[in-house]
Amino acid sequence: MSQYFHIHPDNPQPRLVNQAVDYLNKGSVIVYPTDSGYALGCRLEEKNAMERICRIRQLDGNHNFTLMCRDLSELSTYAQVDNSAFRILKNNTPGNYTFILKATKEVPRRLMNDKRKTIGLRVPSNPVALALLERLNEPMMSTSLMLPGNDFTESDPEEIQYSIGKLVDLIIDGGTLGQQPTTVIDLTSDAPVVVREGVGDIRPFQ
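Residues numbered from 1 in each chain as written. Predicted model: local features only at pLDDT ≥ 70, side-chain atom pairs only at ≥ 80, totals over all residues. Heavy atoms only, no water.

Engineer: Is there a simple way to explain the overall build of the protein in this structure?
Structural biologist: When helices and strands are tallied, the protein shows 6 helices and 10 strands. A globule of 206 residues ought to have a C-alpha radius of gyration of about 17 Å, and the protein, at 16 Å, matches this closely. Summarising its shape, the C-alpha atoms of the protein cover approximately 45 × 35 × 30 Å along the three principal directions. In the protein, buried positions account for 55% of the 206 residues. Taking the average place of the 22 positive charges on the side chains of the protein and the average place of its 25 negative ones, the gap between the two points comes to 6 Å. (Helix = DSSP H or I, 4+ residues; strand = E, 2+ residues; numbered from the N terminus. Rg over C-alpha atoms; globule rule 2.2 N^0.38 Å. Buried < 20%, exposed > 50% of the residue type's maximum accessible area, 1.4 Å probe, protein only. Lys, Arg positive; Asp, Glu negative; His and termini not counted. Charge placed at Lys NZ, Arg CZ, Asp CG, Glu CD.)

Engineer: Would you explain the environment of Tyr38 in this entry?
Structural biologist: Counting through the fold element by element, Tyr38 comes out in strand β3 (residues 37–43). Here Tyr38 falls in the buried class, since its relative accessible area comes to 0%. Separated by 117 residues in the primary sequence, Tyr38 and Ser155 have C-alpha atoms spaced 6.0 Å apart.

Engineer: What should I look at first to understand the environment of Pro148 in this one?
Structural biologist: By secondary structure assignment, the location of Pro148 is in the loop between β7 (140–144) and α6 (157–164). Between the C-alpha atom of Pro148 and that of Arg57, which follows or precedes it by 91 residues, the distance is 5.8 Å. Those residues in contact with Pro148 that lie beyond four places of it in its chain are Ile56, Arg57 and Gln58. (Contact = heavy atoms within 4.5 Å.)

Dropping the structure here:
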């Protein structure tokens, strides 16, 4: 069964954040809170951990994995960002959005959408997620925790432990969250395209 940490949703305890990052550095798969439900995460280099996440979510090569970044300074390393896209990102991060952008060569091929060579990028506002990213000191490979057959993100950490507790290494309990996923915005064309309407307001992109 997975480890289970209670981390304060507003004032994350540094000791527990450090222990959670130790799990990530050992190649673990973790469940952690975001501003739009719970997510699965692992380090970018950990191919085995990513394959485990794909099995949990039953994902194929057309899925856009998300790089969870602590701020915009990390985005340009992993995505091709022109001036207009950067303005959109600057005005809407951190927040409840996932932005799809063309990936750079720094992104491992297994993380890209097979056909389009794109990557999802996100800057969360959840204090626990930000504390993890700050301590990890690099983006985290992430995907919303939506179990097969569901169209909502998991919101209750105790239910998550019951359903997939044997499939992950650590569950971080940051309280009960909302079930709406992020709003997904495609920035690979001249104008932004709303791919999925979720918790983030779509008005800035219309």
